[in-house]
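As a plain string of letters, each chain reads:
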Amino acid sequence: MQLIDTDEKLKKFCNILKRQSFITVDSEFIREHCYYPKLCLLQVAYDGDSAVIDPLANIDLSPFFDILQNPDIVKVFHSGRQDIEIFYNLTGKTPKNVFDTQIAAMVCGFSENIGYGNLVHDIVHIDLDKSQRLTDWSLRPLDEAQLQYAVCDVTYLVDCYKYLCDYMQNNHRQDWINEEINWLCDENGYCINPDDAWMRIKHNAHSPQFLSALKYLAAWRERRAQKFNTPRSGILKDDVLLNIASTFPKSINELKTVRNLKSDIINGRLGAEIIEVLKEASQNPMPSDICRADRKQHPGVPNHEQSLMEILKLLLKIKCQEAGVIAKLVADDEDLRYIILNQPQNTKTMQSWRYEIFGKYAEQICKGKLSITYNPKKKCIEVK
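Cut-offs applied
- Residues numbered from 1 in each chain as written.
- Predicted model: local features only at pLDDT ≥ 70, side-chain atom pairs only at ≥ 80, totals over all residues.
- Heavy atoms only, no water.
- Helix = DSSP H or I, 4+ residues; strand = E, 2+ residues; numbered from the N terminus.
- Buried < 20%, exposed > 50% of the residue type's maximum accessible area, 1.4 Å probe, protein only.
- Contact = heavy atoms within 4.5 Å.
- Lys, Arg positive; Asp, Glu negative; His and termini not counted.
- Charge placed at Lys NZ, Arg CZ, Asp CG, Glu CD.
- Expected span 1.5 Å × (residues − 1).
- Bend = angle between axes of the 7 residues up to and from the residue.
- Pairing = 2+ DSSP bridges.
- Core = buried A, V, L, I, M, F, W, Y, C linked by side-chain atoms within 4.5 Å.
- Axes fitted to C-alpha atoms, helices over the stretch in contact; angles between N-to-C directions.
- Disulfide = S-S within 2.5 Å.
- Salt bridge = Lys/Arg side-chain N within 4 Å of Asp/Glu carboxyl O.
- Parallel < 35°, antiparallel > 145°, perpendicular 65-115°, else oblique.
- Left-handed = near helix turned anticlockwise from the far one by under 90°.
- Nonpolar A, V, L, I, M, F, W, Y, C, P; charged D, E, K, R; others polar.

1. Some remarks on the overall build of the protein chain
- The number of helices and strands found in the protein chain is 18 helices and eight strands.
- Dimensions of the protein chain along its principal axes, counting C-alpha atoms only, are 75 × 70 × 35 Å.
- In the protein chain, buried positions account for 45% of the 384 residues.
- In the protein chain, the proportion of contacts linking residues at least 24 apart, taken out of those at least 6 apart, comes to 63%.
- With 48 positive and 52 negative side-chain charges, the protein chain shows a spacing of 5 Å between the two charge centroids.

This is the structure:
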């Protein structure tokens, strides 16, 4: 393991990475007091060596970013969404040719959303040291124990990747994770549009005035958080934002009546901005079609078919155990609802490999052409 803290060291290391078929990647960051996570450390390994890259050493990371965009090199992450988010924020692009061992582990029959430590234990039979888990990675210098802890997050990932690849190839499951990987690397998932921020806030009111206020207030908060790189909650928490939208004050005096809104906000610049935002919202009411869509809920299963829902859950568990794949990857409750309601076009479960494992059996159960029984002689559940 080497510590890379100069441009020259990074260029030499990246020249080695260019010749690899795959690399493993992890990052350490902080995000408690900022909108965009602050990258504090990069760990990279390949089959033979590893390195810890110090982004706080004022080095040019572009050679490594070029590696991330090289489609000929597999970039291996474990639960890589937050790492990919950081790279997207820094470069405006997601890495090319990504493999996520947490996703792959699910199609190989490991537990749902298995953590890195448990995966290493199951595959490499090593218990990782977690003593540095709460380290403040923004502080310098880092000692040897911190560096060794950090690099373990990528060195054992090499063996995990090899094992999972071999398993998927031997069981013809190489394509089973493509959909999830594509979703993971979809740049639209990392590009935050402030005008859509209101849709992430849970609420129970659906009037046009409330929704218009909520949309404009959430967009204002999002832009302010981005501009000043501060957490959304540091400006206004969700519950306060909802209280303002419900009250819809038209003046500073009316703003004072909003529950849980602090006086320094009311009497400061934020208070004036809130009133201006609400004024704009009042001039741009929420269209009725959006209001209807906001009220729309998941399709419900009729009471007389609730038992069928439970049977499908049992069938899903049985077939996924037989296939050695985690059920969550095959279908969720929404997929099962659509199957019962005979709307298979709305669910991925009725397509490709998921259909072969579970979907076709779910169809037969719903048509009364399949049964689930217990065989007392074999002491097992049978689907026939």
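2. A closer look at helix α18 (residues 352-366)
- The terminal C-alpha atoms of α18 lie 19 Å apart, and with 15 residues this matches the ideal 21 Å at 1.5 Å per residue to within 8%.
- The largest bend in α18 comes to about 50 degrees, at F358.
- Along α18, the positions that sit buried rather than exposed are W353, R354, I357, F358, G359, A362 and I365.
- Buried residues along α18 sit against α7 (178-185), α15 (306-323), α16 (327-330), α17 (333-340) and β7 (372-375).
- Positive phi shows up at G368, right after α18, with a value of about 75 degrees.

3. A word on unusual backbone geometry
- In the segment running from R140 into P141, the intervening peptide bond is cis, with an omega of 5 degrees.
- Relative to the helices and strands, P141 is located in the loop between α5 (116-124) and α6 (144-170).
- Phi angles above zero are rare outside glycine, and S79 is one such case at about 50 degrees.
- Checked against the element boundaries, S79 lands in the loop between β5 (74-77) and α3 (81-91).

4. As for the pairing of strand β4 (residues 49-53)
- Taken across its five residues, β4 has four buried, putting it largely inside the fold.
- Bridge count between strand β1 (residues 2-4) and β4: three bridges; the pairing is parallel. Following the sheet pairing, Q2 is matched in β4 by A51.
- Bridge count for strand β3 (residues 38-46) against β4 is five bridges, and the pairing is antiparallel. The residue of β4 that forms the bridge with V44 is A51.
- Between the antiparallel neighbours β3 and β4 lie two residues, among them G48 with a positive phi of about 150 degrees.

5. Regarding the nonpolar core
- Residues I23, I53, F64, F99, L312, V325 and F358 are the most contacted members of the largest nonpolar core, which totals 90 residues.
- Considering each element in turn, this core owes the most residues, 11 residues, to α6.
- Sequence-distant contacts of I23, that is, excluding residues within four places in its chain, are made with L17, V44, A45, Y46, F64, I67, I73, V74, K75 and V76.
- Among the nonpolar cores identified, the runner-up in size contains 32 residues, and L214, A225, F248 and V277 belong to it.

6. Notes on α3
- Buried residues of α3: D83, I84, E85, I86, F87 and Y88, and no others.
- Those residues of α3 hidden inside the fold are in contact with β2 (22-30), β3, α2 (62-68), β5, β6 (98-100) and α7.
- Immediately downstream of α3, the backbone of G92 shows phi near 80 degrees, a positive value.

7. Things to note about the sheet that holds β1
- On the basis of which strands lie adjacent, the open sheet formed by six strands has the order β1-β4-β3-β2-β5-β6 and mixed pairing. At either end of the open sheet lies a strand with only one pairing partner, and these are β1 and β6. Shown here is a sheet whose adjacent strand axes are inclined to one another by a mean of 25 degrees, direction ignored.
- The sheet contact formed by β2 and β3 spans seven bridges and is antiparallel. Looking at the pairing, T24 lines up with A45 of β3.

8. Topic: the state of the cysteines
- Counted by the stated rule, this structure contains zero disulfides.
- Take C34: it sits in no disulfide, and the sulfur closest to it among the cysteines is that of C40, at 8.7 Å.
- The class for C34 is buried, based on a relative accessible area of 14%.

9. Quick look at the side chain of E28
- Summarising the element assignment, E28 is placed in strand β2.
- Although E28 lies buried, it forms no salt bridge, and the closest oppositely charged side chain, K130, sits 7.9 Å away as judged by the N-O distance.
- Not counting chain neighbours up to four residues away, the residues in contact with E28 comprise K38, L39, C40, L41, Q43, W137 and D153.

10. Some points on the packing of helix α8 (residues 208-228) against helix α13 (residues 269-283)
- Where α8 meets α13, the closest approach of the two axes is 9 Å, and the angle between their N-to-C directions is 135 degrees. When the axes of α8 and α13 are compared, the pair comes out oblique. When you trace α8 past α13, the crossing you get is right-handed. Of the residues in α13, those touching α8 at S212, A213, Y216, L217, W220 and R224 are R269, L270, E273, I274, V277, L278, E280 and A281.
- By residue class, the composition of the contact of α8 with α13 is nine nonpolar, one polar and four charged.

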